[in-house]
Amino acid sequence: MALYYFIADTHLGLDYKDYKAREKAFASFLYNLPAETSEVFLLGDIFDFWYEYKNVIPRRFTRTLGALASLCDRGVKVHFLNGNHDIWTYSYFQQEIGVVFHKQPLTVELEGQRFCLGHGDLLWESSGTYRSLQKVFKCRFVQVLFSALHPRWAFLFGNSWSKHNRLTRYEGENDQSQKAYRDKIFKLSTEWAAKYQSVLPEGQKIDHFIFGHYHLPFTSQIEGGGDFSILGDWIHNPEYMVFDGKSVERHAFGEAL
């Protein structure tokens, strides 16, 4: 029986709570995936900030990089879909580790069932400012300019930016605002999935949509068939999803990290 794992938003390196324990737990999780594991799908924001120069890569992630390499070496196919925090990943993962990169949304068939996968930040709910900013980050000229910075200053800026961006989601929000935000994302995401499903030919309908980014774990049936899931993060809701060839199940991973 082949197993397929889906993970998002570990935000490794985010200096919030115990980031060292978070990485140790995630690396241990990867090392201990069962022998039946066939493929692992990393759905973005695995790293809270990542930028690789031609000959320089970020520190802090030795355990995770080793765990990913170990998975690839044992024949597990590891897929990576960029999030908005690890958008600047280039050839290192592919050439040195063996990870396969994809553009989102990715449609893949596993054991006769069709999956639509991605990080989710640019699919259904993004302001014009956010989309414009992402285009800037993806601009090759901007990347060349950023590469001209000494790594000391580049990583100081990048980590500070990522930390501020992420912690605004965790601080100063009450239960009412969280509920309103959750209801909004639930509505927009399921509407997007139903619309996406409606334009597909009959033989290409999606059985399972799985995304990350919003850190609000839920699964819902969508109009037109199939189910839609958002994964929780590994800061407040450490979890993952597994497909065993028949059904997709959500699993919690220990305590919040």
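Residues numbered from 1 in each chain as written. Predicted model: local features only at pLDDT ≥ 70, side-chain atom pairs only at ≥ 80, totals over all residues. Heavy atoms only, no water.

Trainee: Got a minute to help me understand the sheet that holds strand 2 (residues 37–42) in this structure?
Mentor: Sheets are built from strands that pair by backbone hydrogen bonding, the pairs being arranged parallel or antiparallel. Ordered in space as 4-3-2-1-10-11, the six strands form an open sheet in which the pairing is mixed. Where the open sheet ends on each side, the last strands, each with one partner, are strand 4 (100–102) and strand 11 (248–252). The average angle at which neighbouring strand axes cross in this sheet is 25 degrees, direction not considered. Pairing geometry for strand 1 (residues 3–7) and strand 2, over five bridges, is parallel. Bridge pairing links Tyr4 to Glu39 in strand 2. Each of strand 1, strand 2 and strand 10 (239–243) is contacted by helix 1 (residues 19–31), which is oriented at about 165 degrees to strand 1, the strand it contacts most. (Pairing = 2+ DSSP bridges. Helix = DSSP H or I, 4+ residues; strand = E, 2+ residues; numbered from the N terminus. Axes fitted to C-alpha atoms, helices over the stretch in contact; angles between N-to-C directions. Contact = heavy atoms within 4.5 Å.)

Trainee: Explain helix 1 to me, please; I cannot follow it from the model alone.
Mentor: Think of an α-helix as 3.6 residues a turn; residues three or four steps apart then line up on the same face. For helix 1, which comprises 13 residues, the first-to-last C-alpha distance of 18 Å matches the rise-based estimate of 18 Å (1.5 Å per residue) to within 8%. Arg22, Glu23, Ala25, Phe26, Ala27, Phe29 and Leu30 are the residues of helix 1 that are buried. Next to the buried residues of helix 1 lie strand 1, strand 2, helix 2 (62–73) and strand 10. (Expected span 1.5 Å × (residues − 1). Buried < 20%, exposed > 50% of the residue type's maximum accessible area, 1.4 Å probe, protein only.)

Trainee: Just to check I follow, could you spell out the sheet that holds strand 7 (residues 208–211) for this structure?
Mentor: Spatial ordering of the open sheet is given by 5-6-7-9-8, a layout of five strands whose pairing is mixed. Two strands bound the open sheet, and with one partner strand each, they are strand 5 (106–110) and strand 8 (218–221). Strand-to-strand twist across the sheet, computed as the mean angle between neighbouring axes with direction ignored, equals 20 degrees. Pairing of strand 8 with strand 9 (residues 227–230) involves four bridges; the strand directions are antiparallel. Bridge pairing links Phe218 to Ile230 in strand 9.

Trainee: Would you mind showing me how to read helix 2 here?
Mentor: With 12 residues, helix 2 extends 16 Å between its outermost C-alpha atoms, agreeing within 8% with the 16 Å of an ideal straight helix rising 1.5 Å per residue. The set of residues buried in helix 2 consists of Thr64, Leu65, Ala67, Leu68, Ala69, Leu71 and Cys72. For helix 2, the secondary structure elements touched by its buried residues are helix 1, strand 2, strand 3 (77–81) and helix 3 (92–97). Following helix 2 by one or two positions, Gly75 has its phi on the positive side, about 100 degrees.

Trainee: Sorry, what's going on with the packing of aromatic side chains here?
Mentor: When we look at a pair of aromatic rings, we describe it by the centre distance and by the angle of the planes. Inspection of every chain in the model, using the stated rule, returns 31 aromatic pairs. Ring centres of Phe6 and Phe115 lie 5.4 Å apart, and the angle between their planes is 20 degrees; this geometry places the pair in the stacked category. Note that Phe6 is positioned in strand 1 and Phe115 in strand 6 (residues 113–118), a separation of 109 residues in sequence. Judged by centre distance (5.6 Å) and plane angle (90 degrees), the rings of Trp192 and Phe211 are edge-to-face. Placement of the pair is Trp192 in helix 7 (residues 175–198) and Phe211 in strand 7, with a sequence separation of 19 residues. The class of Trp192 is buried, set by a relative accessible area of 15%. Members of the aromatic cluster, joined through ring pairs, are Phe47, Trp50, Phe61, Phe80, Tyr92, Phe93 and Phe101. (Phe/Tyr/Trp six-rings, centres within 6.5 Å; stacked < 30°, edge-to-face > 60°.)

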